[in-house]
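Fold and geometry: a report
Residue-level listing of the chains:
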Amino acid sequence: MKNSVTVKRKIEKFIPQFLNNTKNDIEALKDSVLNKNFEEMHRMSHSMKGYAKPFGFHYIGELASQIVQAAQEKRLEDAQPLIEELDAYFSTIEIIYE
């Protein structure tokens, strides 16, 4: 199943770099879970929360916001499934330009 994300055509040229950066950040988040590095988890998810929504990726921003909260409270049991959901969602994104 694909998850459609509508993006403004005027930012189309930035989307490949956005997707590459997001993929790298998701991998860093997965590593932070393995290492129980809550500081890195917080930093990466906070950054993602800030950059995802302006590009039109609201659900990524919402998940990142929840990861920030879990990292602040050092709740690995909450952060890990959210990061897994983020990774699964990201792998099914289909971009529609308007």
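Keep in mind the model is a prediction, meaning the values are calculated, not measured. (Residues numbered from 1 in each chain as written. Predicted model: local features only at pLDDT ≥ 70, side-chain atom pairs only at ≥ 80, totals over all residues. Heavy atoms only, no water.)

All told, the structure shown has eight salt bridges when counted by the stated rule. Glutamate 40 serves as the salt-bridge partner of arginine 43, at 2.9 Å between the closest nitrogen and oxygen. Placement of both arginine 43 and glutamate 40 in helix H2 (residues 38-52) is noted, with a separation of three residues, approximately one turn of the helix. Looking at glutamate 40, the relative accessible area reads 24%, which means it is partly exposed. One salt bridge in this structure joins glutamate 62 and lysine 53, with 2.7 Å as the shortest N-O distance. We classify glutamate 62 as partly exposed; its relative accessible area is 38%. (Salt bridge = Lys/Arg side-chain N within 4 Å of Asp/Glu carboxyl O. Helix = DSSP H or I, 4+ residues; strand = E, 2+ residues; numbered from the N terminus. Buried < 20%, exposed > 50% of the residue type's maximum accessible area, 1.4 Å probe, protein only.)

Now for the nonpolar core. Within the largest apolar cluster, 30 residues are counted, with the highest numbers of intra-cluster contacts made by Leu29, Met41, Met48, Phe57, Ile60 and Leu86. At the level of elements, strand S1 (3-7), helix H1 (15-34), H2, helix H3 (58-72) and helix H4 (76-90) are the ones that each hand at least two residues to this core. Among the elements that take part in this core, H4 stands out by supplying seven residues, more than any other. Not counting residues up to four positions away in its chain, the partners in contact with isoleucine 60 are Thr22, Met48, Ala52, Leu86, Tyr89, Phe90 and Ile93. (Core = buried A, V, L, I, M, F, W, Y, C linked by side-chain atoms within 4.5 Å. Contact = heavy atoms within 4.5 Å.)

Time to look at H3. Here H3 spans 21 Å end to end across 15 residues, near enough to the 21 Å set by a 1.5 Å rise per residue. Ile60, Gly61, Leu63, Ala64, Ile67, Val68, Ala70 and Ala71 are the residues of H3 that are buried. Among the residues trailing H3, lysine 74 stands out with phi positive, at a value near 50°. (Expected span 1.5 Å × (residues − 1).)

A few words now on the environment of glutamine 72. Position of glutamine 72 relative to the elements: it lies in helix H3. A sequence separation of 33 residues divides glutamine 72 from glutamate 39, and the C-alpha atoms of the two residues are 8.1 Å apart. Of the polar contacts made by the side chain of glutamine 72, one reaches the side chain of histidine 42; its length is 3.4 Å. (Polar contact = N/O pair within 3.5 Å; in protein donor to acceptor, adjacent residues only side chain to side chain.)

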